[in-house]
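The lines below spell out each chain.
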Amino acid sequence: AGEARIFAEWSSERSIRSVIIVTSPAHTARSRLTFARVLQEQKIRVLVRPSKLARFQSDAWWHSRDTLREVFFEWQKLLYYRVFELWRVRA
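Residues numbered from 1 in each chain as written. Predicted model: local features only at pLDDT ≥ 70, side-chain atom pairs only at ≥ 80, totals over all residues. Heavy atoms only, no water.

A. Here's a closer look at the overall build of the protein. Scanning the protein for helices and strands turns up 3 helices and 2 strands. Taken across its 91 residues, the protein has 32% of its residues classed as buried. Restricting the contact set of the protein to residue pairs at least 6 apart, pairs at least 24 apart contribute 72%. When the accessible surface of the protein is split by element, carbon and sulfur atoms take 54% of a total near 6,900 Å². (Helix = DSSP H or I, 4+ residues; strand = E, 2+ residues; numbered from the N terminus. Buried < 20%, exposed > 50% of the residue type's maximum accessible area, 1.4 Å probe, protein only. Contact = heavy atoms within 4.5 Å. Areas by Shrake-Rupley, 256 points an atom, 1.4 Å probe, with all protein chains shown as cover.)

B. Representation of a nonpolar patch on the surface in the model. On the surface, a nonpolar cluster with roughly 410 Å² of combined accessible area is contributed by L79, Y80, V83 and F84. Within the secondary structure, V83 sits in helix α3 (residues 65–85). (Patch = residues over 30% accessible without salt bridge, like charges linked within 9 Å, V, L, I, M, F, W, Y side chains within 5 Å. Salt bridge = Lys/Arg side-chain N within 4 Å of Asp/Glu carboxyl O.)

C. Representation of the environment of L86 in the model. With respect to the helices and strands, L86 occurs in the segment after α3. Exposure remark for L86: the relative accessible area of 13% places this residue in the buried category. C-alpha separation for the pair L86 and L33, spaced 53 residues apart in sequence, amounts to 7.9 Å.

D. Spatial organisation of unusual backbone geometry. Phi angles above zero are rare outside glycine, and K43 is one such case at about 55°. Among the structural elements, K43 can be located in the loop between α2 (28–39) and β2 (45–50). The class of K43 is exposed, set by a relative accessible area of 69%.

E. Seen up close, the packing of aromatic side chains. One pass over the structure, following the stated rule, counts 3 aromatic pairs. Where F72 meets F73, the ring centres are 5.8 Å apart and the plane angle is 55°; that geometry is what we call tilted. Within the aromatic cluster, the residues linked to one another by ring pairs are F7, W10 and F35. (Phe/Tyr/Trp six-rings, centres within 6.5 Å; stacked < 30°, edge-to-face > 60°.)

Dropping the structure here:
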């Protein structure tokens with residue numbers, strides 16, 4: 001949320017129409033929610049893409065114990081974020 005607010009402040013002084021956020025594959029959903037929420041008043045289009053350098057493979061994440069754990073924890077974080085934190089995130 002802090003990075004999204006800093007970007008919103010920076011972009012408010014420029015004519016930015018869209019932004020691509022590159023993050024780890026597991027964090028794309030929360031990043032998209034946060035940036036879209038913070039930038040909604042500026043009408044900046046937010047695209048979120050997973051980094052290709054991450055070891056996470058979206059088509060086989062359940063084959064590895066590490067990525068299985070990562071996805072499980074991220075689902076918990078995403079649920080918590082949607083229920084308790086997202087309403088606090090403001091532009």
